[in-house]
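Structural overview for review
Chain by chain, the residues:
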Amino acid sequence: MAKSLYNPFHKFEFSPDTCFLSGSRLNSSEEVMHVFSTWMMMQFNLEERPFKLLDESIITYKSLCVPCASEVIDQVIDPLEKEIENAFKSGYHAVKELDKLRLFQWIGKIVYGILYNEIKTGIKQQLAIGEPFNFSQSLRHKFGNLHTMLQSLILPVEFDGPQPWSIHVFHVNNAVDTFTYRDEINTQIFSIKLNDFGIIACLQDNGTNTIYHKNILVKAANHKLHPIQFEELCARFFYSAYLFNRLPEYTILPTPDALYIEAMPLRGISNKPPFDLWQNKTYGQVLENFWKPWGYSLLEIVKNPEKPMSFLIDDQDLFILPQNIDLPLGSELPG
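These lines cover the structure that appears in this document, whether it is placed above or below. Computed from a predicted structure; not experimentally measured.

Here's the deal with the nonpolar core
What tends to happen in soluble globular proteins is that the nonpolar side chains get buried as a cluster. With 71 residues, the main nonpolar core has Phe36, Met40, Phe88, Trp106, Tyr181 and Ile199 as its most contacted residues. Among residues more than four places away in sequence, those in contact with tryptophan 106 are Met40, Leu80, Glu81, Ile84, Phe88, Phe190 and Ile192. Counting residues in each nonpolar core, the second largest holds 36 residues, with Ile200, Leu217, Phe311 and Leu312 among its members.

Shown next as structure tokens:
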């Protein structure tokens, strides 16, 4: 008998009585999972810190939860969290050795958990004014695919061909107690910075952003980056994720032994490149946001409109060594 999949987007099922991952009915309202793990919230004092949703409403990190069956938490989520916690507390070298699938599962759990809360808030707001909640078919498709991949936590899943994600771990000379988290739900991109490392992940690009940024990734490899360099990399990836114009498709084959997921070629409906045209001014606006701890303005960043300011590459297109950057480390907490 083939493995059965649960897709909450088929019937738009986001009930507090249903496990977000397995679709099983819950026995108690206390069966919930924190989107941000307890160990992380405690270590960085995140519990009562504000978290802004897309509609500008504010909740706390601690209140970001999803309904989750107790057996899923005990058998799947807790072991994953322990594995990630041990690696994160050990630092860059341990994180670098983590299986990319495990990192994808952990990151995907957070991004999907935030999405779940965004949808729940949207449904509640629309019900209050007597209107149905509208959710585009493309987003249903994209987030349905993410949820299917997340079920690799509870089902045997094999990913054939290119991996659906781009995930990069960087060695970063962070200030003590640094914790910076960012995501962009619609483009499914994520970054986090803590301890002595930073992670950038595109959850559904089939590795295309890695190819797009190959030149700079090769130059930055094997260096312990200054935080401003890592944030510049984040800005580049966040902007390219915005420019990515394909909706990835996957062949999903359930079998008695496993669920097989294969990425389809990113041809799209035209022969145009998979990324829209890079605009330096728009990129500069993105970079200004990531460089807030150092106070650089858009005017400074795009003073030369043809070559925005960079702490990664000099005028000769050579990598700037981190030890040659005379700037504070720029610790930043979420807020």
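Let's pick the thread back up.
Section: the packing of aromatic side chains
The tally for this structure, following the rule as stated, stands at 30 aromatic pairs. Between phenylalanine 51 and tyrosine 61, the ring centres sit 5.2 Å apart and the planes meet at 85°, which makes this aromatic pair edge-to-face. In this pair, phenylalanine 51 is assigned in strand E2 (residues 50-52) and tyrosine 61 in the loop between strand E3 (58-60) and strand E4 (65-67), connecting sequence segments 10 residues apart. Residues phenylalanine 51 and tyrosine 61 agree in their burial class; the two are buried.

Quick word on the sheet that holds strand E10 (residues 250-254)
In space, the three strands of this open sheet follow the order E5-E11-E10, with mixed pairing throughout. Strand pairing shows two members of the sheet lacking a second neighbour, strand E5 (157-160) and E10, which therefore form its edges. If you compare each strand with its neighbour and ignore which way they point, the axes differ by 15° on average. Looking at chain direction, E10 and strand E11 (residues 259-263) are connected through five bridges and run antiparallel. Each residue of the ladder has a partner; that of leucine 253, found in E11, is tyrosine 260. Strand contacts of helix H5 (residues 137-150): E5, E10 and E11, with the helix running at about 40° to E10, the strand carrying the most contacts.

As for helix H9 (residues 280-290)
All buried positions along H9 are accounted for by Asn280, Tyr283, Gly284, Leu287 and Phe290. Seen from one end, H9 has its buried residues packed into an arc of 115°, which puts them on one side. Those residues of H9 hidden inside the fold are in contact with strand E7 (179-184), helix H8 (227-243) and helix H10 (298-301).

Details of the packing of helix H4 (residues 100-128) against H5
As a packed pair, H4 and H5 sit with axes 10 Å apart at the nearest point and diverge in direction by 135°. As the angle between them shows, H4 and H5 are arranged oblique. When you trace H4 past H5, the crossing you get is left-handed. Packed against H4, whose contacting residues are Phe104, Gln105, Gly108, Lys109, Val111, Tyr112 and Leu115, the element H5 presents Phe143, Leu146, His147, Met149 and Leu150 at the interface. Of the residues belonging to the contact of H4 with H5, the class tally is eight nonpolar, three polar and one charged.

Some thoughts on H4
Residues three or four positions apart in an α-helix share a direction because the helix packs 3.6 residues into each turn. With 29 residues, H4 extends 42 Å from end C-alpha to end C-alpha; this agrees with the ideal 42 Å at 1.5 Å per step. For H4, the N-terminal cap is aspartate 99; the gap from its side-chain oxygen to the backbone nitrogen of leucine 101 is 2.8 Å. Count one or two residues on from H4 and you reach glycine 130, which has phi positive near 75°.

Brief notes about the sheet that holds strand E9 (residues 197-202)
Reading across from one edge, E6-E9-E8-E7 is the order of the four strands in this open sheet, with antiparallel pairing throughout. Two strands close off the open sheet at either side, each with one partner strand: strand E6 (166-171) and E7. Adjacent strand axes in the sheet meet at a mean angle of 5°, parallel and antiparallel pairs treated alike. Bridge analysis of strand E8 (residues 189-194) against E9 gives six bridges, and the strand direction is antiparallel. Paired with phenylalanine 190 across the bridge in E9 is alanine 201.

Quick notes on the rules
Residues numbered from 1 in each chain as written. Predicted model: local features only at pLDDT ≥ 70, side-chain atom pairs only at ≥ 80, totals over all residues. Heavy atoms only, no water. Core = buried A, V, L, I, M, F, W, Y, C linked by side-chain atoms within 4.5 Å. Buried < 20%, exposed > 50% of the residue type's maximum accessible area, 1.4 Å probe, protein only. Contact = heavy atoms within 4.5 Å. Phe/Tyr/Trp six-rings, centres within 6.5 Å; stacked < 30°, edge-to-face > 60°. Helix = DSSP H or I, 4+ residues; strand = E, 2+ residues; numbered from the N terminus. Pairing = 2+ DSSP bridges. Axes fitted to C-alpha atoms, helices over the stretch in contact; angles between N-to-C directions. Arc of directions from axis to C-beta. Parallel < 35°, antiparallel > 145°, perpendicular 65-115°, else oblique. Left-handed = near helix turned anticlockwise from the far one by under 90°. Nonpolar A, V, L, I, M, F, W, Y, C, P; charged D, E, K, R; others polar. Expected span 1.5 Å × (residues − 1). Polar contact = N/O pair within 3.5 Å; in protein donor to acceptor, adjacent residues only side chain to side chain.

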